[in-house]
Amino acid sequence: MAQEDRVIPAGRLERNEERYDAQRIEQKWTERWQSDPSLYAAEAHPTKPKYYVLEMLPYPSGALHMGHVRNYSIGDALARYMWMNGYNVLHPMGWDSFGLPAENAAIKNNTPPKEWTLANIAAMKVQMKRLGFAYDWSREVTTCLPEYYRWNQWFFLKLYESGLAYRKKSKVNWCPQCATVLANEQVVGGMCWRHEDTRVEQRELEQWFLRITKYADELLRDLDKLPGWPEKVRIMQQNWIGRSAGTLVDFDLGGTVGPAGSTITVFTTRVDTIFGATSVQLAPEHPIVCDLIARNAELRLQVEELIAEQRRAKEAGDIGNIEKHGVFTGRYAKNPYNGEAVPVWVANYILMDYGTGAIMSVPAHDERDYEFAQKYGLDIRLVILPQSSDPEETMAEPTLPFTTMDGVLVNSGEFSGLTSAEAIAAMSARAAEKGFGKATVTFRIKDWGISRQRYWGTPIPMVYCEKDGLVPVAEKDLPVILPDNVPITLAGGSPLASVPSFLNTTCPKCGGPARRETDTMDTFVDSSWYFYRYTDARNDKAPFDSAKIAYWFPIDQYIGGVEHAILHLIYSRFWTKFMRDMGLVSNDEPVERLFTQGMVIKDGAKMSKSFGNVVSPDEMVARYGADATRLYSLFAAPPDRDLDWQESGIEGIQRFLGRVYRFYLRNPVAERGDAGSTGQALSPEARAIQRKLHQTIKRVSHDFQGRWHFNTCIAAVMELVNAVYGVEEAIAGGRVPSFLILEVQRSIALLLAPMAPYLAHELWEMAGEKSNLLKAPWPKYDPALAAEDEIEIPVQVNGKLRGLVVVPADASEDHIKQAALTDEKVKAAIAGKQIVKVIVVPKKLVNIVVR
């Protein structure tokens, strides 16, 4: 017979009267909470510590799924916990509401993107409120509304004034399915980040860029200021920024071949190997190559084939493993260190967007160069040998290609005999001294291309005037409103170009006719600063009040998926540094601590609409209640690990909540008015319950604050509930005093409050409490009562068992030693003997050595 189905003592409620009705309870508290719009409101309070907790804002796609619920349940539990610990909590929510899905839905359903988006927001907001998430809705932000995107445009103008926003023609990533440009960060393995089966193409277009590279060094360096971020995220950003310290070296072509000049500049991190350079290799799109093929039709055809091979490899996401092909240009360039003329080649594995698009090929010390040299019969010259104290070993011929950073130079003229580090410093200095190069630093990260040839985004506030050229819109004329009722197609090019009322305007400078920019901004612009707007969401004079930012920032805890480690998080760090340099904020970084939760997995795949495996929280809430839905998402796995969805698990959680509810109904202490005296002697059953209660408070507090192991927090409360059901007869017989039952009931309500707020509030009221549970103090435990259960430890004297001592399971060695030496039987065994040493094996035994 299940424990919850045990026979109810006489006088208790019948089972049908004590059924846990989640819908009734949750409806009751929903109405109460909604009647107080200021319940979760956050205001700057100089005498209280602040805590800004935030989950990444969602795209309003139409409905939440259990992946969302898990993310928001984590943040909500933390917000509630911090309120209960006396913090002034800011916990807002908004909508990342521009973007392609709305346009695609408009095409599919013949519904304007604005109408589709706002309807989805309304529906998702209802879901969030039903789930009981404690958001300050007075700060709600919707990025597709003019009151928000006006400030996107304002920031763009400030970036333009600072030289950080610029337009240029360049090779860009084009997704044929999205029919728009993608930033480098939005290309994953050659595929569109939104369409994993769509290869990204290369096109040349005029585009707007933000000069994020200006902050590359600082973005890298300041990762050291983020110890509260997951190490994997910091490594991902470090690798993406890709700092390389090296040397620029000019190779002279001995005569101008065209507009690109007569010098090939290479970037190398290994200038110490330059005496081993036996060719210079250029990217197929290098300007020197363009000059050379302009005069050589045969060379042009060969280079075009290399370009095609490189494009196919990029689109396949396999450029690193491309089969290496090249063509000799017929030209030679002079190595400035030894005067040697080396052949100039064009190679398909050299990329124009890395370094200078030109390398010196050192086949003896680079695997790719070695493969290329062998294929085309180029010289291979050894110039670095391993450093060793044994001269014979040092001069031994290594297997090629041989690479080492800890080597000694050979065959390198006056630099022979230097270590690699010594040679790099000396040779870089020589290049600067003689004017043919210099030490430098390059970065993998490229400027952020923000132009999108789509409708549903922030209009870029620039116009084109025949007289004045490119002119920014005046600040007083912001926002540039995105028009409604725009015909949307995927034919390529912005739909805004087909709207004369938007396109045709006047020049802010001369007043003459002009046309607007029709590209819209990448939606990652919206999410790069939205969390600042939360602090001052209704400000119509500025993006925010800097004094409010100074109080609330940095964000104390940010919660979201690791998939945003590059895209969103690196852009938001850049935006913060730019705002700091503007004087708008004083913080260097937006987020102090970052938590990346695990995914929700169903049927072996990430829960996602695209996989068709979404579980609706509406269905779960209707069947089991919001508390059970939330609690299961926290209980089924540690929050940093993937959760394998099993509906049977949520059924178990609902049964647990029912048991908790019935415990309160069966023991209405508050109604009896006989709480009793806390000074009375306790029975063994009462003492066990008291001890279990304080151990539970300790465990939950530790796991909540220190590790976020919500699953073990919930398990601890389950154990406590099992324990009180185990002494039900003692409770009925009066052997567990009312004051202790009430203490247990109050504590269970408090411990469940962050994770199952509906039932917790009901239990709080059932325990006779009138105060607001949201900000009731978190329970405290008595360290003595919270000590782990007692254990018996055998005590030996010279290896023979002489006694047993009972100590707390977490007792220190000194405590155990003292207990052993004062045990009566042990004292008798060592009487008159000299103690040589006492050996304590924690939780195992004590051996006293005497003579």
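Thresholds, definitions, all that
Residues numbered from 1 in each chain as written. Predicted model: local features only at pLDDT ≥ 70, side-chain atom pairs only at ≥ 80, totals over all residues. Heavy atoms only, no water. Helix = DSSP H or I, 4+ residues; strand = E, 2+ residues; numbered from the N terminus. Areas by Shrake-Rupley, 256 points an atom, 1.4 Å probe, with all protein chains shown as cover. Lys, Arg positive; Asp, Glu negative; His and termini not counted. Charge placed at Lys NZ, Arg CZ, Asp CG, Glu CD. pLDDT = per-residue confidence, 0-100. Contact = heavy atoms within 4.5 Å. Core = buried A, V, L, I, M, F, W, Y, C linked by side-chain atoms within 4.5 Å. Buried < 20%, exposed > 50% of the residue type's maximum accessible area, 1.4 Å probe, protein only. Pairing = 2+ DSSP bridges. Axes fitted to C-alpha atoms, helices over the stretch in contact; angles between N-to-C directions. Parallel < 35°, antiparallel > 145°, perpendicular 65-115°, else oblique. Left-handed = near helix turned anticlockwise from the far one by under 90°. Nonpolar A, V, L, I, M, F, W, Y, C, P; charged D, E, K, R; others polar. Salt bridge = Lys/Arg side-chain N within 4 Å of Asp/Glu carboxyl O.

Let's shift gears to the overall build of the protein chain. Helix and strand counts for the protein chain stand at 28 helices and 34 strands. Reported as C-alpha extents along the three principal axes, the dimensions of the protein chain are approximately 105 × 85 × 50 Å. Surface accessibility of the protein chain: about 36500 Å² in total, with carbon and sulfur atoms responsible for 50%. Of the side-chain charges in the protein chain, 97 are positive and 106 negative, and the distance between the mean point of each set is 3 Å.

Let us now look at the confidence of the model for the protein chain. The share of residues in the protein chain with pLDDT of 70 or more is 92%, and the mean pLDDT across the chain is 89. Note that residues 672-676 has pLDDT below 50 and, in this model, 6 contacts with residues that lie over four places away or in other chains.

This next bit is on the nonpolar core. One finds M128, W645, I748 and M755 to be the most contacted residues of the largest nonpolar core, which totals 101 residues. The dominant element in this core, judged by the number of residues it contributes, is helix α2 (residues 66-84), at 11 residues. When sequence neighbours within four positions are dropped, the list of residues in contact with I748 reads V660, Y664, V717, L720 and V721. Counting 90 residues, the second largest nonpolar core, distinct from the first, contains F155, I450, F553 and I566.

This next bit is on the pairing of strand β13 (residues 326-334). Direction of pairing for β13 relative to strand β14 (residues 341-347): antiparallel, over a ladder of 6 bridges. Pairing of F328 across the sheet is with W345, part of β14. Counted between consecutive antiparallel strands, the loop separating β13 from β14 contains 6 residues, among which G339 sits at a positive phi close to 75°.

It is worth spelling out helix α18 (residues 626-635) at this point. When you tally the buried positions in α18, you get 9 out of 10 residues, the bulk of the element. For α18, the complete set of buried residues consists of A626, D627, A628, T629, R630, L631, Y632, S633 and L634.

Moving on, we come to the packing of helix α19 (residues 647-666) against helix α24 (residues 738-752). Contact geometry of α19 with α24 gives a least axis separation of 11 Å together with a crossing angle of 150°. Comparing the axis directions of α19 and α24 gives the class roughly antiparallel. As for how α19 packs across α24, the hand of that crossing is left-handed. Taken together, the residues of α24 that come into contact with α19 (itself represented by V660, F663 and Y664) are I741, V744, Q745, R746, I748, A749 and L752. Split into classes, the residues belonging to the contact of α19 with α24 amount to 8 nonpolar, 1 polar and 1 charged.

Turning our eyes to something else, we now look at the packing of helix α7 (residues 231-241) against helix α16 (residues 567-582). Any two packed helices are characterised by how steeply their axes cross, that is the angle between the axes, and by the distance between the axes. Closest axis-to-axis distance for the α7/α16 pair is 11 Å, and the angle between their directions is 75°. When the axis of α7 is compared with that of α16, the two are roughly perpendicular. Note on element contacts: α16 touches α7 through L569, I570 and R573, opposite V233, Q237, W240 and I241. Considered class by class, the residues forming the contact of α7 with α16 number 5 nonpolar, 1 polar and 1 charged.

Omega for the bond connecting L478 with P479 falls within 30 degrees of zero, at 5°, which places this linkage in the cis form. Residue position: P479 is located in the loop between β22 (469-472) and α13 (500-503). A cis amide bond, omega 5°, links F553 with the succeeding residue P554. For P554, the location among the structural elements is in the loop between α15 (546-552) and β26 (557-560).

Counted by the stated rule, this structure contains 45 salt bridges. Across the pair E769 and R746 runs a salt bridge whose closest N-O atoms are separated by 2.5 Å. Taken together, the residues E769 in the loop between α25 (757-766) and α26 (783-786) and R746 in helix α24 connect sequence positions 23 residues apart. Look at R746 and you get partly exposed, because its relative accessible area is 29%. One connected set of salt bridges, linked through shared partners, spans E218, R221, D222, K225, R573, K577, R580, D581, D588 and E589.

Spatial ordering of the open sheet is given by β2-β1-β26-β27, a layout of 4 strands whose pairing is parallel. In the strand order of this sheet, the two ends are held by β2 (88-90) and β27 (594-596), each with one partner. The mean inter-strand angle of the sheet, taken between neighbouring strand axes irrespective of direction, is 20°. Both strand β1 (residues 50-55) and β26 contribute to a ladder of 3 bridges, which runs parallel.

A separate point is the pairing of strand β24 (residues 513-516). The sheet contact formed by strand β21 (residues 462-465) and β24 spans 3 bridges and is antiparallel. By the bridge assignment for β24, Y464 is matched with R515. Across 3 bridges, strand β23 (residues 504-506) lies against β24 in antiparallel orientation. When the sheet's bridge partners are listed, T506 is paired in β24 with P513. Counted between consecutive antiparallel strands, the loop separating β23 from β24 contains 6 residues, among which G511 sits at a positive phi close to 80°.

We now examine the sheet that holds strand β30 (residues 643-644). Ordered by their spatial adjacency, 3 strands build an open sheet running β29-β28-β30, and the pairing between neighbours is mixed. Where the open sheet ends on each side, the last strands, each with one partner, are β29 (605-606) and β30. Where strand β28 (residues 600-602) lies against β29, 2 bridges are found, and the strand directions are antiparallel. The residue of β29 that forms the bridge with K602 is A605.

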